[in-house]
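Residue strings, one per chain:
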Amino acid sequence: MIQVAVLGYGTVGSGVVEVIERNKELVNKKSGQELNVKYILDLWDFPGDPYEHKVIHDFEVIVSDPEVKIVCEVMGGVGAAYAFTKRALSAGKSVCTSNKELVAAHGPELLALARENHCHYLFEASVGGGIPIIRPLNDCLTAERIETITGILNGTTNYILSKMENEGADFAAVLKKAQEKGYAEQNPEADVEGYDACRKIAILSSLMLGKHVDYSKIYTEGITKITAQDFALAGKMGMSIKLLAMSKEVGEGKAMAMVSPCLISREHPLHMVNGVFNAVFVRGNMLGDSMFYGRGAGKLPTASAVVGDVIECARTQGKSNICFWDAKEADLVSIDEISRRFFVRVSDAGESQAKELFGDLEPVRADGAEGFAFLTEQLTEKAFAEKYAQLGEYALGRIRVED
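Structural notes, computed from the coordinates.

Conventions adopted
- Residues numbered from 1 in each chain as written.
- Predicted model: local features only at pLDDT ≥ 70, side-chain atom pairs only at ≥ 80, totals over all residues.
- Heavy atoms only, no water.
- Pairing = 2+ DSSP bridges.
- Helix = DSSP H or I, 4+ residues; strand = E, 2+ residues; numbered from the N terminus.
- Buried < 20%, exposed > 50% of the residue type's maximum accessible area, 1.4 Å probe, protein only.
- Phe/Tyr/Trp six-rings, centres within 6.5 Å; stacked < 30°, edge-to-face > 60°.

### What about the sheet that holds strand 6 (residues 121-122)?
Part 1: Across the sheet, which stays open at both edges, the 6 strands sit in the order 3-2-1-4-5-6 with parallel pairing between neighbours. For this open sheet the edge positions go to strand 3 (55-56) and strand 6, each flanked by a neighbour on one side alone.
Part 2: As defined by bridge partners, strand 5 (residues 94-97) adjoins strand 6 across 2 bridges and the pair is classed as parallel. Paired with Val-95 across the two strands is Tyr-121, which belongs to strand 6.

Rendered as structure tokens:
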């Protein structure tokens, strides 16, 4: 029997226990032996909970118990979670986590610590929730040179954008509904400003390059400036607006990574990804295009991914997962020289100046959409920013186009 400890009994933590217990026969069969949740660490008691007798408040009990071989860290944050993870790995206990903040910040260090102590540090649930993407990148696609990764990596923002598109509503109104339904936090900043997606693409970029991508150096832009008028105009062009997290190799050992709202056409594989669903689109130099799609968050989808890692740990005790993610920092290039088209809206009074700056381009019109809207030709980010700045008070908004 392998004893498991769960750190944190919130949404995901309670889901981990539920998956292990509800699918006990299957989990044990695939693990090759019986798994048992021995401890649940949390600050609170849970009177009336069927597993309240397993709840403890002292991590020392877990780290000093030789029977505990696998620890599920689902606390979140980089404070206690970081300290507990390091101590567990140092004691030779494998750690499975859904903690994207911790993985993005300290992934190379924790992977190295796991190797030193002949145990695992697995984090499948940290990027796509229930979508398998970490293991495919490490195992199934290991013969590939990954050239680009583009993903819809945040269910909250994708739900909001989908609702705005389908209902013609503005951001603030849809955000309020999302909060009422529990799809968005009362403080939604991490989601709507793109920070959550940024940490996730940092992890995927690190695995793509084999070097550490510092998430603080990734250009990140959220969805708070997207309007119902933007969607009306996008629809007239046969396009949609998605918050994309993108990483692309642009030279030997160099890459571009960013998070930004983008216009995408109906032909783009990510166009059909709506609601709380997420997807990761991967391009390899041999395989070509592939896509991983599913529920990117939620109690049971995320917990399922954590338990999948637990089973892998149980099957391969005494070993460490092979993961090519060195501590050496990757060379991230500025987005300034990346070329793309842009969708621009200006006030009616700014139409002549826009044409002077960007050329006499075909306008985009839709019922109820004010001002003058158009698509630019291909421009570098730097060249576009210089022209757009000259529009001054006439500028109503701009969105990148991902072809």
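### Comments concerning the pairing of strand 1 (residues 2-7)
Part 1: Burial runs high along strand 1: 6 of the 6 residues are buried.
Part 2: Side-chain alternation along strand 1 places Ile-2, Val-4 and Val-6 on one buried face and Gln-3, Ala-5 and Leu-7 on a second face that is also buried.
Part 3: With 6 bridges connecting them, strand 1 and strand 2 (residues 35-41) associate as parallel partners. From the neighbouring strand, Leu-7 faces strand 2, where its bridge partner is Leu-41.
Part 4: Relative to strand 4 (residues 68-73), strand 1 runs parallel, the two sharing 5 bridges. Considered in strand 4, the bridge of Ala-5 is made with Val-71.

### Observations regarding the packing of aromatic side chains
Part 1: Scanning the entire structure with this criterion turns up 11 aromatic pairs.
Part 2: On the basis of an interplanar angle of 5° and a centroid distance of 5.2 Å, the ring pair of Phe-277 and Tyr-293 is categorised as stacked. Taken together, the positions of Phe-277 in strand 12 (residues 277-284) and Tyr-293 in strand 13 (residues 288-295) put the pair 16 residues apart, joining distant regions of the chain.
Part 3: Residue class for Tyr-293 comes out partly exposed when judged on its relative accessible area of 41%.

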